Amino acid sequence: MAYSAKIGPSILNSDLACLGSECTRMMDCGADYLHLDVMDGHFVPNITFGHPVVECLRNQVGPEPFFDLHMMVARPEQWVRPMAAAGADQYTFHLEATSNVGNLIKEIRESGMKVGLAIKPNTTVEEMAPWAGQIDMALVMTVEPGFGGQKFMEDMMTKVSWLRSQFPSLDIEVDGGVGPDTIHKCADAGANMIVSGSAIMKSDDPRSVITLLRNVCAEAIQKRSLDR
Ligand SMILES: O=C(CO)[C@@H](O)[C@H](O)COP(=O)(O)O
Ligand SMILES: [Fe+2]
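Residues numbered from 1 in each chain as written. Chains lettered and ligands numbered in written order. Predicted model: local features only at pLDDT ≥ 70, side-chain atom pairs only at ≥ 80, totals over all residues. Heavy atoms only, no water.

### A word on the pairing of strand β8 (residues 193-196)
Burial along β8 is two-sided: Met193 and Val195 facing one way and Ile194 and Ser196 facing the other are all buried. By the bridge criterion, four bridges tie strand β1 (residues 6-9) to β8 in an arrangement that is parallel. Pairing of Ile7 across the sheet is with Ile194, part of β8. Read from strand β7 (residues 171-175) through helix α7 (residues 183-189) to β8, the crossover connection turns out right-handed. (Buried < 20%, exposed > 50% of the residue type's maximum accessible area, 1.4 Å probe, protein only. Helix = DSSP H or I, 4+ residues; strand = E, 2+ residues; numbered from the N terminus. Pairing = 2+ DSSP bridges. Right-handed = clockwise from strand over helix to strand, strands pointing away.)

### Describing the site of ligand 1
Around ligand 1, 21 residues are found, and the nearest of them are Gly146, Asp175, Gly177, Gly197 and Ser198. His70 has a polar side-chain atom sitting 3.1 Å from an oxygen atom of ligand 1. The side chain of Asp175 places a nitrogen or oxygen atom 2.7 Å from an oxygen atom of ligand 1. Breaking the shell around ligand 1 down by element, the ones donating at least two residues are β2 (34-39), β3 (67-72) and β8. It is β2 that provides the largest number of residues to the shell around ligand 1, a total of three residues. (Near = heavy atom within 4 Å. Polar contact = N/O pair within 3.5 Å; in protein donor to acceptor, adjacent residues only side chain to side chain.)

### Examining the UniProt feature "binding site: a divalent metal cation" (unreviewed entry) in the chain
When the UniProt feature table is mapped to this numbering, "binding site: a divalent metal cation" (unreviewed entry) covers His35, Asp37, His70 and Asp175. These residues run over 141 residues, yet every pair of their C-alpha atoms falls within 10.6 Å of each other. Mapped onto the secondary structure, His35 falls in strand β2. The exposure class of His35 is buried, given its relative accessible area of 0%. If we ignore the near neighbours within four places in the chain, the residues touching His35 are Gly8, Pro9, Ser10, Ile11, Asp68, His70, Glu173, Asp175 and Val195. Within the structure, the side chain of His35 is placed 3.0 Å from the side chain of Asp68, a separation counted as a polar contact. (UniProt positions renumbered as here; feature names shortened; annotations may be inferred. Contact = heavy atoms within 4.5 Å.)

Here it is in structure tokens:
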């Protein structure tokens, strides 16, 4: 079992005027990585930031923090090289946004980044499965992408369980409405990369929330390894 519990705060719901210091604050509070939500106003009805901001963040926080770019954009092909040059570590694109998944996976790898593949709630996990052997991480969205602070969709957990049963060592990420109230469901289903936005950002004690999320997830991983 190669995977471990990792917590990646989504900085979407932070004070966007202070993105750099918010990223540093999250790492200081024990985050394992940073989940950066890129929205273009086409793939989703919201707009955030692009590669120039990612480059500034990289310059500010230094080389260490792992940047997981959640690309909620139409034509994700066009931002692979700019995001790699800006300092992204992982490029997570949506299956629904491209007609040539294989080629995009190849381009991301050639640019030196890890590959993440995301599915929206209405996309079946079977559509993702053919690519699972070629990616580093599968992202199961637990809300409709576009906004932070939405309600967790528990019925997405069947997708996570199925992926975990079929791909025992794959990194599986969940994103949307995940916090202390919903982490047990994610962890029990087999997710190990946990994105959490408002639950961490709005807390008075983000360090405790991050620790709690990681502990619940790590316990579930340990239990699964004992059960095997
Ligand atoms: O990608 C998205 C939303 O589209 C997420 O990364 C959210 O930004 C997570 O925020 P919470 O749902 O945890 O508040
Ligand atoms: Fe996200």
